[in-house]
Amino acid sequence: MNLLRILIGLFLPPLGVFLTVGFGPTLLINILLTLLGWLPGSIHAVWVIVKHEENINREEGTY
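Predicted model, so just to flag it, every value in this text is computed and none were measured.

With their axes 8 Å apart at the nearest point, helix α2 (residues 13-21) and helix α4 (residues 38-60) run at an angle of 20° to one another. The angle between the axes of α2 and α4 places the two elements in the roughly parallel class. The handedness of the crossing between α2 and α4 is left-handed. Note on element contacts: α4 touches α2 through Trp38, Gly41, Ser42, Ala45, Val48, Ile49 and His52, opposite Pro13, Gly16, Val17, Thr20 and Val21. Here the residues of the contact of α2 with α4 sort into seven nonpolar, five polar and no charged.

Summarizing the sequence annotation, UniProt attributes the feature "transmembrane region" (unreviewed entry) to residues 7-25 and 31-50 in the numbering used throughout. Regarding residues 7-25, the helix share stands at 79% and the strand share at 0%, and the terminal C-alpha atoms are separated by 22 Å. Between the C-alpha atoms that bound residues 31-50 there is a distance of 18 Å. The span itself is 95% helix and 0% strand.

Attention now moves to the pattern of salt bridges. A side chain of one charge can pair with a side chain of the opposite charge if their charged atoms are brought near each other. On inspection of all chains with the given rule, the structure shows three salt bridges. Between Glu53 and Arg5 there is a salt bridge; the shortest N-O distance is 2.7 Å. Note that Glu53 is positioned in helix α4 and Arg5 in helix α1 (residues 2-11), a separation of 48 residues in sequence. With respect to burial, Glu53 and Arg5 carry one shared label: buried. Across the pair Glu54 and Arg58 runs a salt bridge, and its minimum N-O distance is 3.2 Å. Of the two residues, Glu54 and Arg58 both sit in helix α4, four residues apart, roughly one turn of that helix. Accessibility expressed as a relative area gives 34% for Glu54, which makes it partly exposed.

What counts, and at which threshold
Residues numbered from 1 in each chain as written. Predicted model: local features only at pLDDT ≥ 70, side-chain atom pairs only at ≥ 80, totals over all residues. Heavy atoms only, no water. Axes fitted to C-alpha atoms, helices over the stretch in contact; angles between N-to-C directions. Helix = DSSP H or I, 4+ residues; strand = E, 2+ residues; numbered from the N terminus. Parallel < 35°, antiparallel > 145°, perpendicular 65-115°, else oblique. Left-handed = near helix turned anticlockwise from the far one by under 90°. Contact = heavy atoms within 4.5 Å. Nonpolar A, V, L, I, M, F, W, Y, C, P; charged D, E, K, R; others polar. UniProt positions renumbered as here; feature names shortened; annotations may be inferred. Salt bridge = Lys/Arg side-chain N within 4 Å of Asp/Glu carboxyl O. Buried < 20%, exposed > 50% of the residue type's maximum accessible area, 1.4 Å probe, protein only.

Written as structure tokens, this is what we have:
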């Protein structure tokens, strides 16, 4: 599932962020970055997805 979200985040950045964190300030930031250009939005989306998974793994105690 994580790989699929990363791929979605690369091609449709706001959708990848929405599927990861839902609606909130992170999604709005990603939409603004995507409006400025596809590359900034994609970089931000991948960063959000990876950090979210990292935080979940840290909370569960698995790495």
